[in-house]
Amino acid sequence: MAIEPWVSPTIDRPVLHLPILNDATANEWSLTQKSPQNISISVTPDFIAAYTQRPLSDSASDIAAAIAAMTPTFMTLICSGREQVHTDTKTHPADFVTDMDLGIEMLLRMWINRFFPSDLIIGEEGSKPAIGKSDTVWYLDPVDGTNNYVKGSPMVGLNIGVLKAG
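Remember, it's a predicted structure, so these values are computed and weren't measured experimentally. Just so you know, the residues in each chain are numbered from 1, in the order the chain's sequence is written. Only residues with pLDDT of at least 70 get local features here, since the model is predicted, and only at 80 or more are side-chain atom pairs given and counted; chain-wide, interface and lining totals rely on the full set of residues. Side-chain descriptors were evaluated using all non-hydrogen atoms of the structure, hydrogens and water having been removed beforehand.

Describe the nonpolar core, with residues and values.
Phe-74, Leu-77, Met-100, Ile-104 and Trp-111 are the most contacted members of the largest nonpolar core, which totals 35 residues. Numbering of helices and strands starts at the N terminus; helices are DSSP runs of H or I of at least 4 residues and strands are runs of E of at least 2. Of all the secondary structure elements, the ones that give two or more residues to this core are helix H1 (45–52), helix H2 (60–80), helix H3 (99–115) and strand S7 (136–144). Think of a nonpolar core as a cluster: buried Ala, Val, Leu, Ile, Met, Phe, Trp, Tyr and Cys residues, connected wherever their side-chain atoms sit within 4.5 Å. Buried means the residue's accessible area, taken with a 1.4 Å probe over protein chains only, is under 20% of the maximum for its type, while exposed means over 50%, and partly exposed covers the values in between.

Explain the side chain of Asp-119 residue by residue, including any values.
Locating Asp-119 in the fold gives a position in the loop between H3 and strand S6 (120–123). Buried charged residue Asp-119 carries no salt bridge. Nearest counter-charge: Lys-164, at 6.0 Å. Pairs of N or O atoms are called polar contacts if they sit within 3.5 Å, as long as, within protein, a hydrogen donor faces a hydrogen acceptor (for residues adjacent in sequence, only side-chain-to-side-chain pairs). A distance of 2.9 Å separates the side chain of Asp-119 from the side chain of Trp-138, its partner in a polar contact. Only four residue types enter the charge count: Lys and Arg as positive, Asp and Glu as negative, with His and the chain ends excluded. Note on definitions: salt bridges are taken to be side-chain nitrogens of Lys or Arg within 4 Å of carboxyl oxygens of Asp or Glu.

Provide a residue-level description of the sheet that holds strand S8 (residues 157–164), including the pertinent values.
Overall, mixed pairing links the three strands, which are arranged S6-S7-S8 in an open sheet. Whereas interior strands pair on both sides, the edge strands pair on one side only; in this sheet they are S6 and S8. The average undirected angle you get between the axes of adjacent strands in this sheet is 15 degrees. Any two strands with at least two DSSP-identified bridges between them are counted as paired. Examined bridge by bridge, S7 and S8 share seven bridges and lie antiparallel to one another. Across the sheet, residue Val-137 finds its bridge partner in S8, namely Leu-163. Sheet contacts for H2: S7 and S8; angle to S8, the most-contacted strand, approximately 155 degrees. The strands that H3 touches are S6, S7 and S8; relative to S7, the one it contacts most, it runs at about 155 degrees. The axes used here are C-alpha line fits, helices contributing only the stretch in contact, and every angle between their N-to-C directions lies in the interval 0 to 180 degrees. Two residues qualify as a contact provided that any one of their heavy atoms is within 4.5 Å of a heavy atom in the partner residue.

An account of a nonpolar patch on the surface is needed here, citing residue identities and associated values.
Taken together, the side chains of Ile-131, Tyr-139 and Leu-163 present a nonpolar region at the surface, about 260 Å² in accessible area. With respect to the helices, strands and loops of the structure, Leu-163 is situated in strand S8. Given the relative accessible area of 39%, Leu-163 is considered partly exposed. Patches in this entry comprise residues that are over 30% relatively accessible and not in a salt bridge; like charges within 9 Å are linked, as are nonpolar side chains (Val, Leu, Ile, Met, Phe, Trp, Tyr) within 5 Å. Note on areas: these come from Shrake-Rupley sampling with a 1.4 Å probe, and a residue is covered only by the protein chains present in the view.

Any chance you could break down the packing of H2 against H3 for me, citing the residues and the numbers?
Where H2 meets H3, the axes come as close as 11 Å, and the angle between the chain directions of the two elements is 160 degrees. On the basis of their axis angle, the class for H2 and H3 is roughly antiparallel. Note that H2 runs across H3; the crossing there is right-handed. Contacts from Ala-66, Ile-67, Met-70, Phe-74, Leu-77 and Ile-78 of H2 reach H3 at Met-100, Ile-104, Leu-107, Leu-108 and Trp-111. Residue composition of the contact of H2 with H3, by class: eleven nonpolar, no polar and no charged. Any angle that is under 35 degrees is reported as roughly parallel, and any over 145 degrees as roughly antiparallel; angles of 65 to 115 degrees are reported as roughly perpendicular and all others as oblique. In a left-handed crossing the near helix is turned counterclockwise from the far helix by less than a right angle, and in a right-handed crossing that turn is clockwise. When residues are grouped by polarity, Ala, Val, Leu, Ile, Met, Phe, Trp, Tyr, Cys and Pro land in nonpolar, Asp, Glu, Lys and Arg in charged, and all others, Gly among them, in polar.

Structure representation (structure tokens):
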């Protein structure tokens, strides 16, 4: 059973929680049920529909429409949690990763794996599988501009790309 990233305390106000990862490694992700920082935001029916329903088709326009419906909510979560997330360094002191990077990537991976299970995912914070010429590959940079994010600059984004068979 998949962990849903929101709870619905009332039917009128579903909430998206940032998943916090325990012991994230290149090959295995494990979610906590509840974020210790309690980073959460209210979500719209449009977000819930896009996150819980497969795009109408595998066309680029239908996939882009689903992503476009989810992106404002993810960006709101990213911005609202800026002061609350834990920050670590990766390869050197100026190469940051935050709980937000990991959590947003996990939410995107959950969505892709649910609706496009045979597709490969290359995320900035996760594993990097080998790619074949016929593969469909998703590229994720959950908080593009993590240095800016950590320093409080508003210049951050969410990058999602997909390449089908080259």
